[in-house]
Amino acid sequence: MELVGEYVGPDGQPQRLRAPCELPGDADPLEGLLAGAAQMRELVSELLGPLVQRETRDRVAAAGDEASDVSLRGMYPVDNNTHTQRLF
């Protein structure tokens, strides 16, 4: 028995993940399934880890950009009638 998963990345290419669920000897099949699930979890973490880190960096950078926009808006009031900023 094995666990099989498929991931389709941002580039559209599928990647197959496989984790065997058999332990040597007379091991309990449930223990084999648990071992396979643990291995699949590791495979998914390895695959998605870099993507999660990249997305986190992008969100932090976007939050920093948004924060600087907010601070500039406070310095230059917006004229709500014309949607332009008054500089003086």
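Okay, so let's go over this structure. Since the model is a prediction, treat every value here as computed from it, not as a measurement. (Residues numbered from 1 in each chain as written. Predicted model: local features only at pLDDT ≥ 70, side-chain atom pairs only at ≥ 80, totals over all residues. Heavy atoms only, no water.)

### Overview of the environment of Leu23
To keep things clear, this is the line we draw: Helix numbers and strand numbers start at the N terminus; a helix is a DSSP run of H or I with at least 4 residues, a strand a run of E with at least 2. Any two residues whose heavy atoms approach within 4.5 Å at even a single point are treated as in contact.
Position of Leu23 relative to the elements: it lies in the loop between strand 2 (14-20) and helix 1 (29-75). When the C-alpha positions of Leu23 and Gly36 are compared, they lie 9.2 Å apart, and in sequence the two are 13 residues distant. Setting aside residues no more than four positions away along its own chain, Leu23 makes contact with Glu31, Gly32 and Ala35.

### Quick look at the pattern of salt bridges
Going by this rule: Salt bridge, as used here: a side-chain nitrogen of Lys or Arg that lies within 4 Å of a carboxyl oxygen of Asp or Glu. Relative accessibility under 20% of the residue-type maximum defines a buried residue, over 50% an exposed one, and the middle range a partly exposed one, all with a 1.4 Å probe and only protein chains included.
Considering all chains together, one arrives at two salt bridges under this definition. In this structure, the salt-bridge partner of Glu2 is Arg18, at a minimum N-O distance of 3.3 Å. Within this pair, whereas Glu2 is found in strand 1 (residues 2-8), its partner Arg18 is found in strand 2, the two being separated by 16 residues in sequence. Note on Glu2: relative accessible area 38%, which makes it partly exposed. A relative accessible area of 45% places Arg18 in the partly exposed class. The salt bridge partner of Glu55 is Arg59, with a shortest N-O separation of 2.8 Å.

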